[in-house]
Amino acid sequence: MEDELERKLQLHELEEIRLEAYENSRIYKEKTKAFHDKLILRKQFMVGQKVLLYNFRLKLMPGKLHSRWIGPFVVTNVFPYGAVEIQSLETNKMFKVNGHRLKPFYEGFQEHSVEELKLSNPIYLD
């Protein structure tokens, strides 16, 4: 009878440990999700803004230096929850895309001037 009571006590302790581990796992997941969500950048697009579209369907080997960004496109409508309607400047086609596939297009971007230094061949002294 005493062994049976001890076995029940062990089972209860095991159940408490399992529930505590489950709760710790839930707390860890909540903290990790909050940290991850804090790092996500929310993109805001305005109607009339020029954007570039990420072309993820480019399956052939485009080469290392080939850009996957196509465009520019013009934003015609911004829907809630991240959907954006864009219009092609070349074909005037309009379509909806996920806002995560867009990035702002900067017109008239100017590179900074770079100073050039002339280097001479080294002279070795023996």
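None of the values given here were measured: they were computed from a predicted structure.

Draft legend 1. Geometry of the overall build of the protein. Tallying secondary structure elements over the protein gives one helix and five strands in all. Put simply, the protein runs from its N terminus to its C terminus through helices and strands in the order α-β-β-β-β-β. Put simply, of all contacts in the protein between residues at least 6 apart along the chain, 44% involve residues at least 24 apart. For the protein, the exposed area adds up to about 12,300 Å²; of that, 57% sits on carbon and sulfur atoms.

Draft legend 2. Expanded view of the sheet that holds strand S1 (residues 50-54). Strand order in the open sheet made by the five strands is S4-S3-S2-S1-S5, with antiparallel pairing throughout. Unpaired on one side and paired on the other, strand S4 (94-98) and strand S5 (102-104) mark the two borders of the sheet. Each strand of the sheet is rotated relative to its neighbour by a mean of 50°, with strand direction disregarded. In this sheet, strand S2 (residues 69-78) lies alongside S1 in antiparallel orientation, the contact comprising four bridges. Bridging from a neighbouring strand, Lys-50 pairs with Val-74 of S2.

Draft legend 3. Region of interest: the nonpolar core. Ranked by size, the top nonpolar core spans nine residues in total: Phe-45, Val-51, Leu-53, Phe-73, Val-75, Val-84, Ile-86, Val-97 and Leu-102. Those residues in contact with Phe-45, other than ones at most four positions away along the chain, are Val-51, Val-75, Val-78, Val-84, Gly-99, Leu-102, Lys-103 and Pro-104.

Draft legend 4. Spatial organisation of the pairing of S2. Inspection of the sheet shows S2 paired to strand S3 (residues 83-88) by five bridges, in the antiparallel sense. Note that in S3 the partner of Val-75 across the bridge is Ile-86. Hairpin geometry of S2 and S3 is characterised by an intervening segment of four residues between the two adjacent antiparallel strands and by a positive phi of about 65° at Tyr-81.

Draft legend 5. Geometry of the packing of aromatic side chains. Under the counting rule described, the total for this entry stands at two aromatic pairs. Geometrically, the ring pair formed by Tyr-54 and Trp-69 is edge-to-face, given 5.2 Å between the ring centres and 65° between the ring planes. Of this pair, Tyr-54 sits in strand S1 while Trp-69 sits in strand S2, and the two are 15 residues apart along the sequence. The class for Tyr-54 is partly exposed, based on a relative accessible area of 29%. Take Trp-69: its relative accessible area is 28%, and that puts it in the partly exposed class. Geometrically, the ring pair formed by Phe-73 and Phe-95 is edge-to-face, given 5.8 Å between the ring centres and 80° between the ring planes. Residue Phe-73 is located in strand S2, and its partner Phe-95 is located in strand S4; the two are separated by 22 residues in the primary sequence. Taking the ring centre of Phe-79 as reference, the NZ or CZ of Lys-96 above it sits at 4.3 Å.

Draft legend 6. Looking closely at the pairing of S3. Inspection of the sheet shows S3 paired to S4 by five bridges, in the antiparallel sense. The partner of Ala-83 across the bridge, within S4, is Asn-98. In this antiparallel pair of consecutive strands, S3 and S4, the connection spans five residues, and Asn-92 shows a positive phi of 60°.

What counts, and where the lines are drawn
Residues numbered from 1 in each chain as written. Predicted model: local features only at pLDDT ≥ 70, side-chain atom pairs only at ≥ 80, totals over all residues. Heavy atoms only, no water. Helix = DSSP H or I, 4+ residues; strand = E, 2+ residues; numbered from the N terminus. Contact = heavy atoms within 4.5 Å. Areas by Shrake-Rupley, 256 points an atom, 1.4 Å probe, with all protein chains shown as cover. Pairing = 2+ DSSP bridges. Axes fitted to C-alpha atoms, helices over the stretch in contact; angles between N-to-C directions. Core = buried A, V, L, I, M, F, W, Y, C linked by side-chain atoms within 4.5 Å. Buried < 20%, exposed > 50% of the residue type's maximum accessible area, 1.4 Å probe, protein only. Phe/Tyr/Trp six-rings, centres within 6.5 Å; stacked < 30°, edge-to-face > 60°. Lys NZ or Arg CZ within 6 Å of the ring centre and 35° of its normal.

Functional significance is not addressed by these values, which are geometric in nature.
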